[in-house]
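As a plain string of letters, each chain reads:
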Amino acid sequence: MEEMSNSLPFDSLHNPSIERYRQIYKESIENPEKFWDEHAWILNWYKKWDKVLDDSNAPFYRWFINGKLNISYNAVDRHVNNFRRNKAAFIYTNERGEEKIVTYHGLYKRVNSFAQALKDMGIKKGDTIAIYLPMIIEAPVAMLAAARIGAAFTLVFSGFGAEALAERINDSGAKLIVTADGGYRRGKIIQLKEIVDKALEYTSNVETVIVVKHTNTDVNMVEGRDYWYHHITGENIYVEPEPMDSNDPLFILYTSGTTGKPKGIVHSTGGYAVWVSSTLKWAFDPQETDRWWCAADIGWITGHSYIVFAPLILGLTSILYEGSFDYPFPDQIWRIIELYGVNILYTSPTAIRMLMKYGDIYPKKHDLSSLRILGTVGEPINPAAWEWYYKNVGNSRCPIVDTYWQTETGGFIISPQLGIANWPLKPGSATYPHPGIEPVIIKENGEIAKVGEKGYLFIKKPWPGLMLTVNKDPNRYVSTYFSKVKGYYFTGDYAIMDNDGYFWLLGRADEVLKVSGHRIGTIEVEDALLSTELVSEAGVFGKPHQVKGESIVAFVVPKSGIQREGLEERLKQMVREKFGPIIVPDEIHVVEMLPKTRSGKIMRRVIKAVYLDQLPGDLTTLESEASVSEIRDAVEKFRNEIKQ
Ligand code: WTA
């Protein structure tokens, strides 16, 4: 099939003048259709769209109507017939020091071969597959192979346990799952296949399991259901990419919200791909010879958008690292940067704070002069961490690109944009909106916040990277995101705009925690605790944590007849097994009752206030005063125990 494109990915908009940004931004807001009509050519399309934006069914916005494209073509095929053919797409390394380099041509071969394997397993356009893999080459291969044949995928973070995985498989309706025997984590092997086997006890839709041999761990293979990846791939084969509609779903990614069940965020093909590749170019201005390291996990949106789709669409070389930054050595991260000559490092404030704790000596021991730009994501960055990153890692010469965005936004929405202009940075501010993004801060009383006033952050207009919907729950899409102020997208975050028009993100305004940059719903943790059947009530909140940003604290009421002795440990262990380590509370306090409203709702804000020695606020709806003293006593007892 013939492809159309009228621009190269590296046609840079670069111009150091802020005026240039103002002009581009203005055009994008005043005439978005014209703007995106031009900018969508960052991709190759099989067929041009008839209309840029259809808002007739708002807030279900649809972009590039009737445009046809394939993402695997854009990420791989279009690089193999030019100078990028033998360029590294991924440099994989791990905590054991192993290395694997996969070129664009190598990736192309792997994607085609696995696409055929998926077809042979009966997967076709419109199906969904699940991916539960560590940070290995087969993860992007599986994502791209699914996209090539028109199947959507849902990739589940390998730190989630069996029940969390099963929930996602069930909601997405995945028919096949790709996993590995195991994954490496701080010298241990996580038994991924075992977790999949367990998860499959809770689901009935999965017919096929494909297992990548990675750690050489013994696994149980079920005849007729389980296949080794290396047995069904490796053929030299070409699979014609399926021409997909711009608004066909590319993937579903589950994220936490304010109600119990994680939401399946559905992203589109065309709008999403235009957005992630454009925003990467604008924010980081990557160059052809750069080595880009987005050090997130592929299981989160950061990994989907900026390890896999955007860098591949732009033809960049990425580091893919399986392991922790500080294992086996406290300077593991600096070793990797030095060894591979990383030019752009993109990580989280939590990681920076952790590295900062180890001290300046570790980055100083290494030659980090290849670094040109630094980035952060996932949580507000405190100025002290910003300064440390700037001075000790970037040697006071690398700009810091603080990117603000969310699973739902697809890609960056507010950040410095070195690809457009170089405006002065302020530590802790994500600076200005990307083209097409019109932020507005609205106060509790519904008025627009003045300069310097805190309020809720909304986005006024749709943009191509905005999710399509919430899987199987369009009402939830409307009620969660477009109902607080009708027609505006609600981010769930607090923000302030300063005198210079810079945006400062101040954290979540809802029941969502950010623990080490991971997004976790308090209700999700409460549900996990309740599912152990050891407790009848649970109240969860986040407390400030020096490194992790927030840590999870739970107060629980045991069921009658349950042994108190060792209850905290039993709860932690059960939650870890069922849902994975990231859901496990750092502290669990056992009490007789929790503060509740008369209608029976647990008052987390009261528990939190008592715990943090703050004023508990309005208590008129409180059912029982005694519950507050109960919390107070538990907190006091806990503090005394720590002191001893
Ligand atoms: C927070 C991660 C401040 C914010 C890409 C948002 C940030 C949530 C920043 C989304 C930042 C992300 N400054 N806060 N630069 N980036 N956040 O869906 O609270 O895992 O709503 O997406 O992370 O988390 P999610």
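Rules and cut-offs
Residues numbered from 1 in each chain as written. Predicted model: local features only at pLDDT ≥ 70, side-chain atom pairs only at ≥ 80, totals over all residues. Heavy atoms only, no water. Helix = DSSP H or I, 4+ residues; strand = E, 2+ residues; numbered from the N terminus. Rg over C-alpha atoms; globule rule 2.2 N^0.38 Å. Buried < 20%, exposed > 50% of the residue type's maximum accessible area, 1.4 Å probe, protein only. Contact = heavy atoms within 4.5 Å. Areas by Shrake-Rupley, 256 points an atom, 1.4 Å probe, with all protein chains shown as cover. Lys, Arg positive; Asp, Glu negative; His and termini not counted. Charge placed at Lys NZ, Arg CZ, Asp CG, Glu CD. Pairing = 2+ DSSP bridges. Axes fitted to C-alpha atoms, helices over the stretch in contact; angles between N-to-C directions. Disulfide = S-S within 2.5 Å. Polar contact = N/O pair within 3.5 Å; in protein donor to acceptor, adjacent residues only side chain to side chain.

Enquirer: What exactly am I supposed to notice about the overall build of the chain here?
Expert: Along the chain, the regular secondary structure elements total 19 helices and 30 strands. Against the compact-globule benchmark of 26 Å for 644 residues, the chain has a radius of gyration of 24 Å, which places it among compact chains. Based on the C-alpha atoms only, the size of the chain along its principal axes is roughly 75 × 65 × 55 Å. Looking at the chain as a whole, 61% of its 644 residues qualify as buried. Taking the intrachain contacts of the chain between residues at least 6 apart in sequence as the baseline, contacts between residues at least 24 apart amount to 72%. Accessible surface computed for the chain: about 25000 Å², of which carbon and sulfur atoms make up 49%. Averaged over its 73 positive side-chain charges, the chain has a centre that lies 2 Å from the centre of its 80 negative ones.

Enquirer: What should I look at first to understand the sheet that holds strand 29 (residues 549-558) in this one?
Expert: Whenever strands of a sheet pair, they do so through backbone hydrogen bonds, lying parallel or antiparallel. The strand order 28-29-30 describes an open sheet built from 3 strands, whose pairing is mixed. Sheet topology places strand 28 (535-545) and strand 30 (587-590) at the edges, where each strand pairs with a single neighbour. Going across the sheet, the axis of each strand differs from the next one's by a mean of 20°, ignoring polarity. As paired strands, strand 29 and strand 30 are joined by 4 bridges and run parallel to one another. Across the sheet, residue phenylalanine 555 finds its bridge partner in strand 30, namely histidine 589.

Enquirer: Help me out: how do you make sense of the state of the cysteines in this one?
Expert: Simply put, the disulfide is a covalent bond whose two ends are the sulfur atoms of two cysteines. Under the counting rule described, the total for this entry stands at 0 disulfides. Looking at cysteine 294, it has no disulfide partner, and the nearest cysteine sulfur is the one in cysteine 398, 17 Å off. Residue cysteine 398 is classed as buried on the basis of its relative accessible area of 0%.

Enquirer: Looking at this structure, how should I read the environment of tyrosine 456?
Expert: Along the chain, the position of tyrosine 456 falls in strand 22 (residues 455-459). Given a relative accessible area of 9%, tyrosine 456 falls into the buried group. Between the alpha carbons of tyrosine 456 and lysine 484 there is a distance of 9.9 Å; along the sequence they are 28 residues apart. When sequence neighbours within four positions are dropped, the list of residues in contact with tyrosine 456 reads Val440, Ile441, Ile442, Glu444, Lys484, Phe490, Asp493, Tyr494 and Ala509. At 2.5 Å, the side chain of tyrosine 456 and the side chain of glutamate 444 are in polar contact.

Enquirer: What exactly am I supposed to notice about the sheet that holds strand 22 here?
Expert: Here 4 strands make up an open sheet; going across it, the order is 21-22-24-25 and the pairing antiparallel. In this open sheet, the two edge strands, each paired with only one partner strand, are strand 21 (439-442) and strand 25 (503-508). Each adjacent strand pair in this sheet contributes to an overall mean axis angle of 45°, direction not counted. In the sheet, strand 24 (residues 489-497) pairs with strand 25 via 4 bridges, with the strands oriented antiparallel. Looking across to strand 25, one finds that aspartate 493 is bridged to arginine 508.

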